[in-house]
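# Summary of the model geometry
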Amino acid sequence: MTARIELNGRWVDATEGRDLLSTCLENGVDVPHFCWHGALGSVGACRLCAVRVYSGPDDTMGRIEMSCMTPVRDGMRVEVEDAEAGRFRAHVIEWLMLNHPHDCAVCEEGGACHLQDMTVATGHRNRRSDAPKRTHARQDLGPFLTHEMNRCIACYRCVRFYRDYAGGHDFNVFGAHDRVWFGRAEAGALDSPFAGNLAEICPTGVFDDKPWSQHYARPWDMTETPAICTHCSVGCNITLHERAGTLRKVQNRYHGAINRFFLCDRGRFGPWFVDAPGRITAPRHNGADVTPDGALAIARQAVANGAIGIGSPRASLEANFALREMVGPDRFFAGISDAEVAQVARMLAILQSTPASIATIKDFESADAALVLGEDLTATAPRAALALRQAARGAEKALAGEKGVPDWLDQAVRVAGEGRRSPIALVTPLPDALDDAASHPLRRAPDQVAAFGFAVAAALRGEAAEPEAMAVAAALAQASAPLLVAGLGLSRAEPAEALAAIAAALGAKARIALFPPEANSFGLALLSPKGGLESALAANPAPLIVLENDLFQRADPAAVNALLSRAPLTIALDCLDTATTARAGLVLPVASMAEATGTYVNHEGRAQRSLAARRPTDSAPAAWRVLSQIGGLFANNARLDDVLARLATKIATLAGAATAAPLADAMPPVARAPESYSGRTAHDLAGRVAAGTLPQTDPDSGMGWSMEGRRGADVPPALSTGPHRPGMHSVSAAYAAQTTIGGPLKGGDPGALLLVKTETPGQALTDPSPKGDGLRWLPLHTPFSASETDHASPPLAARAPATQLLLHPDDAARLGLMAGAQALVDGQPCAARVTLDACMPRGWVGLTAPRGRSHLVTLGAAP
């Protein structure tokens, strides 16, 4: 219901019953606040958002109220600039500053601190107390976060996010009154794969990114570039902060349909691989360094009579397309197994033909029932798992609403909602990180997961099914927005087929999400490769060009070895040294995602542009440019827009990729550096900008490399890193760029949706049963490591668990293996020791291994 309220002397439309603070912020009135957060709601802990509220025209006195705890009422009058309210807010800041250290000059958050912004906004300048300040002990929280409790203002944001929102258990508040302390019961790395968000949730400097702290630069000394996370298929939006040619910090960049306010730790700390020791800095031929011109000459001669191109699901759309153009569509193969090629293509066909709508990550949060078939979402698509955890609270919020408690009163909702949970079914082989949020945590062997899904579809059609399938079907049928989720975490096609059958039974009200393995798996599939590595092995022998791909991570090592062994020359283009580059005869360095602008297609078929945060070096240009130099594909001065233009003419289904972000020359450039960029003069003197000339613009994007250019509200969302409003310097001000709190960005959420609905269902896939003796493979995943780029990131490598080998005790006894024993896997020593787990399905072995490996595992005791 719409209400009319008078806000600072002007009448505005608002939502009846909505919290007043959100209404003020959405209407451009920046009420100071600390404990409120757009994703966490209101708790009234900090008392900073005081305003004077008049109940109506007859109320001449009004009263001071906390705007975050006050519901909007029709006819109310609100004065934010009221003198008494202003004094109240100033007193709150002064109370907080009694014990807050005056260490802004050495605090990492200085210059991007919400406490600084609010202190300035309330006019607090002088300290009147000379009493000693309270002090706290610090704690080691692992490789991701620093901890400085002396800066805490007890807003409770951290614990509310970690425990209430993200479901963590090993972080809490201790003590009482003015001695509260936030941390772990004992020192150690935080368990949650979302712990890094504490660095942004905290309005002060209690928590900060440890990699940034160890290689620090002031916020105003770093350039800011919008990019896309390339560490899973969700496609979260991030900001890369750069200084002096090195990555310094990664922050969440708000996208209303995808990541919104939060990132997973793999997305936040994964990009640090771009400055890892394993970067390739010079071309190599047969293990010896060669000049770039010499390497290109060798490559041109080798491929003069044709070559086989091996694409990559972690490379950009433009790089894969350039390789396809160079070798020809009939000799372009995906650098994954044939089975995965077929599975990903089938996923696309299901999404395009199903009556269900394709779910965004935001859609996850509003689902009132959900079924996850076989996927360990916390490991394979962490941001989706975090969103699903919010969907579980739907029933709780509904019950609280029946009792008159609005959903923005978060803690009251948790009490009034009595812990009620929306129906969520998790059908997985092993206990899942989301089990505590699920109403139906169900265990099935990998080959029985899809069977359960088909049973649910049968129940929805009115057929008989097992009781648990009937219960899940009833919940989905009664829901108004049921959500269906699957992926390729089990390396099996049938869970997606089962979801297609369920979606057909539910009809248009359903939402479906299918997660392929990597950031550009769908983009690679839309380029229609002729197959995977097995198909490439069947082609006539020819020089091999491997694009940004460690094949040993994505396919059966035996097939990879066979393919590399028969190639006259293997040319590997990559930014990292891997097992594949070690086998290549010619290695050509290329730019990483931090130096190359490119397009990636996420799980919903949304093409998004990721921009380079720094100029590529002459020895490692963007991969598509290297391929162009070898094959003469484009002019020497070609830009990314030229590649996208040709892509649109060659592959109609990908024509929309060009609209994912503005073209490079569509408008005046956007500034990467902030207005207060203090290193400009030093950079000029270092020769980066010649005297008397203008700074160079980026030929592959609509951004410049310096502080000159457009910024603020004039910047398109695809090129923007935040609201950049005067007086707002922290990530807590992200709301200023949103149409409504938690809604789309002003100007629209970035990206171009490529998938078009069709009524052609396509051919269903079935998973073949392995033939022969041995155990069947159950892939194991971790949220901290999924690919070679994750392995190369120092913070992720420090946090990632060791490889695992899980066996049911009965299988271990039959094989003569004890807990902790060294085992042979397919005749080779395994790095992981045997772990006995009664939750493992019998006849299966849980193993951390390349995802394209054989599904049959021979296991024995090491001599």
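The structure under discussion appears in the preceding block.
Read on for a plain summary of the structure. Just so we're clear, the structure is a prediction, and the values are computed from it rather than from any experiment. (Residues numbered from 1 in each chain as written. Predicted model: local features only at pLDDT ≥ 70, side-chain atom pairs only at ≥ 80, totals over all residues. Heavy atoms only, no water.)

What follows deals with the overall build of the chain. A tally of helices and strands in the chain yields 29 helices and 35 strands. Its C-alpha atoms give the chain a radius of gyration of 28 Å, near enough to 29 Å, the size a compact globule of 863 residues would have. Reported as C-alpha extents along the three principal axes, the dimensions of the chain are approximately 90 × 80 × 55 Å. Counting every position in the chain, which comprises 863 residues, the buried fraction comes to 61%. Within the chain, contacts between residues separated by at least 24 positions form 73% of all contacts whose residues are at least 6 apart in sequence. Accessible surface, the chain as shown: approximately 32000 Å² in total, 53% of it carbon and sulfur. For the chain, the distance from the average site of its 81 positive side-chain charges to the average site of its 90 negative ones is 1 Å. (Helix = DSSP H or I, 4+ residues; strand = E, 2+ residues; numbered from the N terminus. Rg over C-alpha atoms; globule rule 2.2 N^0.38 Å. Buried < 20%, exposed > 50% of the residue type's maximum accessible area, 1.4 Å probe, protein only. Contact = heavy atoms within 4.5 Å. Areas by Shrake-Rupley, 256 points an atom, 1.4 Å probe, with all protein chains shown as cover. Lys, Arg positive; Asp, Glu negative; His and termini not counted. Charge placed at Lys NZ, Arg CZ, Asp CG, Glu CD.)

This paragraph deals with the pattern of salt bridges. This structure, assessed with the given rule, holds 52 salt bridges. Note that Glu 108 is salt-bridged to Arg 151, the shortest N-O span being 3.3 Å. Here the residue Glu 108 occupies a position in the loop between helix 2 (83–97) and helix 3 (114–122), and Arg 151 occupies one in the loop between strand 6 (145–147) and helix 4 (157–165), the gap between them amounting to 43 residues. With a closest N to O distance of 3.0 Å, Glu 595 and Arg 279 form a salt bridge. One end of the pair, Glu 595, is in the loop between strand 25 (586–589) and strand 26 (598–601); the other, Arg 279, is in the loop between helix 7 (265–269) and strand 13 (284–285), and 316 residues separate them in sequence. For the pair Glu 595 and Arg 279, a shared accessibility class is recorded, and that class is buried. Bridged by salt links that share partners, the residues Arg 314, Glu 340, Glu 518, Arg 554, Asp 574, Glu 788 and Arg 851 form one connected network. (Salt bridge = Lys/Arg side-chain N within 4 Å of Asp/Glu carboxyl O.)

Using the criterion set out here, one finds 15 aromatic pairs in the structure. Residues Tyr 156 and Phe 182 carry aromatic rings whose centres are separated by 5.2 Å and whose planes lie at 85° to one another, so their mutual orientation is edge-to-face. Of the two residues, Tyr 156 is situated in the loop between strand 6 and helix 4 and Phe 182 in strand 8 (residues 181–183); the sequence distance between them amounts to 26 residues. For Tyr 156, a relative accessible area of 30% corresponds to the partly exposed category. Here the aromatic rings of Tyr 254 and Phe 261 are separated by 5.1 Å at their centres, their planes lie at 70°, and the arrangement is edge-to-face. By the ring-pair criterion, three or more aromatic residues cluster together here, those being Phe 161, Tyr 165, Tyr 254, Phe 261 and Phe 262. If you follow Lys 249 out to its NZ or CZ, it ends over the ring of Trp 212, 3.5 Å from the centre. (Phe/Tyr/Trp six-rings, centres within 6.5 Å; stacked < 30°, edge-to-face > 60°. Lys NZ or Arg CZ within 6 Å of the ring centre and 35° of its normal.)

Further remarks concern helix 3. Buried within helix 3 are the following residues: His 114, Leu 115, Asp 117, Met 118, Thr 119 and Thr 122. Close packing links the buried residues of helix 3 with helix 2 and helix 4. Looking one or two residues past helix 3, Gly 123 carries a phi angle of roughly 85°, positive in sign.

That's the geometry; what it means functionally is another story.
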